[in-house]
Amino acid sequence: MTEHAHTEEIVAAANTPAAKNAGKFKFVHIVTTINCPSRCKMCFNWQNNAQDEIEGERIKQALDELHKNDMFTEDAVVIFGGAEALLRKDIFDLVRFAEERNLCTVVGTSGYLYNDHIASQITSSGLRCLALSFDSLDPKKHNYLRGVDGIFENIRRIIHEHPRKTSLTCTISSYNVDEICDIAEWVESNDDLTQLGYQAIVMPFNLREPRKDWFANPALSHLWPKDSAAVDANLTKLIEFRKGSKKIYTSPRHLQFFREYFRDPQHINRNATCRVGDYSLTIMNKGDVVFCNSLPPLGNIRENSIMDILTSPQVRQRKQQMLDCKIVCEFYVNCFFED
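Residues numbered from 1 in each chain as written. Predicted model: local features only at pLDDT ≥ 70, side-chain atom pairs only at ≥ 80, totals over all residues. Heavy atoms only, no water.

**Q** Honestly, helix α8 (residues 252–263) in this entry has me stumped. Any pointers?
**A** Along its 12 residues, α8 runs 17 Å from first to last C-alpha, staying within 8% of the 16 Å computed at 1.5 Å per residue. Regarding α8, the residues found buried are His254, Leu255, Phe257, Phe258, Arg259, Tyr261 and Phe262. In this fold, the buried residues of α8 make contact with β5 (166–172), β6 (193–200), α7 (228–242) and α11 (330–334). (Helix = DSSP H or I, 4+ residues; strand = E, 2+ residues; numbered from the N terminus. Expected span 1.5 Å × (residues − 1). Buried < 20%, exposed > 50% of the residue type's maximum accessible area, 1.4 Å probe, protein only. Contact = heavy atoms within 4.5 Å.)

Have a look at this one:
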């Protein structure tokens, strides 16, 4: 799971599949690249310059094998994320390949690279959803947080040119905690938008230091909301709004969890075991197959077929490690919250 595919997003609405879907995946994430042209304040993936990223044909082969072996649930979603998925020249070829197998596709993007050519590719590929980061109704503030000019304007253009095909994710930080309800009201009243999800600011992606107390780092502390009373008041209002919302997919309990998280992120209680491996699979940018980014990979699709990887002893071991894990990680906070 990555910053824009926090896919972002549709994934956050994940629920453990029903028993009839045991062994099948509801979400398959393809991390197409870890490179990014944005300069987001809450993510340092833009510092990457990864080379030799996974070939499109390998991705197709893995998706085809999963499809032929009935490894997708009926409502499965294939998420092409990144850092910035639109950097991939073959991104819409991959989307088209998945759609031809009747798999629902999502592309996670900041919107920065959007242009007329990409607009036509979105339409012709059959892409179902664009997952966009959206942090403020103020263009200057959003562009500041994303580190480059023009992103806000591109997002508004995407929403206009691809109605009912866009899902927004708002990352709650010190910069927008006072407008999270305004964003919700705007999305609810905009017929061109399909969904809105919320995430809490977490340790920036690709930050090369320990997770503990990251928000006390002088270079990052500006992201953390200091006024706990304001956080409580705005989240309380948002929880109430959520009860009548048709578009916000972040559950009231998840929003309540954010209140607890912002009060004391180091002592937040984790009340659920991690069952992500039961319904979600990720293929990383160089072919590693993982359930959890913090654990060793199950294998690599450049070396073995996806089905050989998924029938290896490592699968049971990784799932047990995840069940035993007590860490309140970034993915538990935002993407795979269960309670």
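**Q** Is there a simple way to explain the sheet that holds strand β9 (residues 299–300) in this structure?
**A** Neighbouring strands of a sheet are bound in pairs by backbone hydrogen bonds; such pairs are parallel or else antiparallel. Here nine strands make up an open sheet; going across it, the order is β6-β5-β4-β3-β2-β1-β7-β8-β9 and the pairing mixed. Sheet topology places β6 and β9 at the edges, where each strand pairs with a single neighbour. Across seven bridges, the pairing between β5 and β6 is parallel. Residue Thr171 lies in a different strand from β6, and its bridge partner there is Gln199. Packed on one face of the sheet, helix α6 (residues 180–189) meets β5 and β6 and runs near 165° to β6. (Pairing = 2+ DSSP bridges. Axes fitted to C-alpha atoms, helices over the stretch in contact; angles between N-to-C directions.)

**Q** Would you mind showing me how to read the packing of helix α4 (residues 139–146) against helix α5 (residues 151–161) here?
**A** Two numbers describe a pair of packed helices, the interaxial angle and the distance between the axes. Interhelical geometry of α4 versus α5 gives an angle of 110° and a closest axis separation of 8 Å. When the axis of α4 is compared with that of α5, the two are roughly perpendicular. Together, Pro139, His142, Asn143 and Arg146 of α4 and Ile151, Phe152, Glu153 and Ile155 of α5 make up the contact between the two elements. Here the residues of the contact of α4 with α5 are counted per class, giving four nonpolar, two polar and two charged. (Parallel < 35°, antiparallel > 145°, perpendicular 65-115°, else oblique. Nonpolar A, V, L, I, M, F, W, Y, C, P; charged D, E, K, R; others polar.)

**Q** What am I meant to see in the pairing of β5 here?
**A** Most of β5 sits out of view: seven of its seven residues are buried. Covered by surrounding structure in β5 are Thr166, Leu168, Cys170 and Ile172 together with Ser167, Thr169 and Thr171, the residues of both alternating faces. Looking at chain direction, strand β4 (residues 129–133) and β5 are connected through four bridges and run parallel. Residue Ser133 lies in a different strand from β5, and its bridge partner there is Thr169.

**Q** Even after reading the chapter, I still don't get unusual backbone geometry, so can you show me in this structure?
**A** For residues other than glycine, phi is negative in most cases, and the peptide bonds are mostly trans. The residue Asp52 is not glycine, and still its phi comes out positive at about 55°. For Asp52, the location among the structural elements is in the loop between β1 (25–31) and α1 (56–68). Residue class for Asp52 comes out exposed when judged on its relative accessible area of 54%. One non-glycine residue with positive phi stands out, namely Arg164, at about 65°.

**Q** Hey, could you run me through the environment of Asn190 in this one?
**A** Topologically, Asn190 is positioned in the loop between α6 and β6. A relative accessible area of 15% means that Asn190 is categorised as buried. Spatially, the C-alpha atom of Asn190 lies 9.6 Å from that of Ile159, the residues being 31 residues apart in sequence. Residues within four places of Asn190 in sequence aside, it is in contact with Ile159 and Lys247.

**Q** In this structure, what is going on with the state of the cysteines? I would like to understand it.
**A** Every disulfide links exactly two cysteines, by a covalent bond between their sulfur atoms. For the structure on display, the rule yields zero disulfides. The thiol of Cys170 is not disulfide-bonded; the next cysteine sulfur, from Cys181, is found 10 Å away. Take Cys170: its relative accessible area is 0%, and that puts it in the buried class. Here Cys274 is not cross-linked by a disulfide; its sulfur's nearest cysteine counterpart is in Cys292, at 6.6 Å. (Disulfide = S-S within 2.5 Å.)

**Q** Help me out: how do you make sense of the pattern of salt bridges in this one?
**A** Should the charged atoms of two oppositely charged side chains come close, the side chains can pair. Across all of its chains, the model carries 21 salt bridges by this definition. The residue Asp64 makes a salt bridge to Lys68 at a minimum N-O spacing of 3.1 Å. Linking Asp64 with Lys68, this pair stays in helix α1, spanning four residues, or about one helical turn. Within the structure, one salt-bridge network assembled from shared partners comprises Asp64, Lys68, Glu100 and Arg101. (Salt bridge = Lys/Arg side-chain N within 4 Å of Asp/Glu carboxyl O.)

**Q** I'm lost on the environment of His267 in this one. Help?
**A** Along the chain, His267 falls in the loop between α8 and β7 (280–283). A residue is classified by how much of its surface remains accessible, and His267, at 60% relative accessible area, is exposed. Only 3.1 Å separates the side chain of His267 from the side chain of Asp264, close enough to count as a polar contact. (Polar contact = N/O pair within 3.5 Å; in protein donor to acceptor, adjacent residues only side chain to side chain.)

**Q** How do you make sense of the nonpolar core when you look at a structure like this?
**A** Looking at soluble globular proteins, one finds that nonpolar side chains tend to be buried together. Of all hydrophobic cores here, the largest spans 107 residues; its most connected members are Leu63, Phe80, Tyr198, Phe258, Tyr261, Phe262 and Ile306. In this structure, Leu63 is in contact with Val28, Ile30, Phe72, Val78, Phe80, Phe97 and Ala98, ignoring residues within four places of it in sequence. (Core = buried A, V, L, I, M, F, W, Y, C linked by side-chain atoms within 4.5 Å.)

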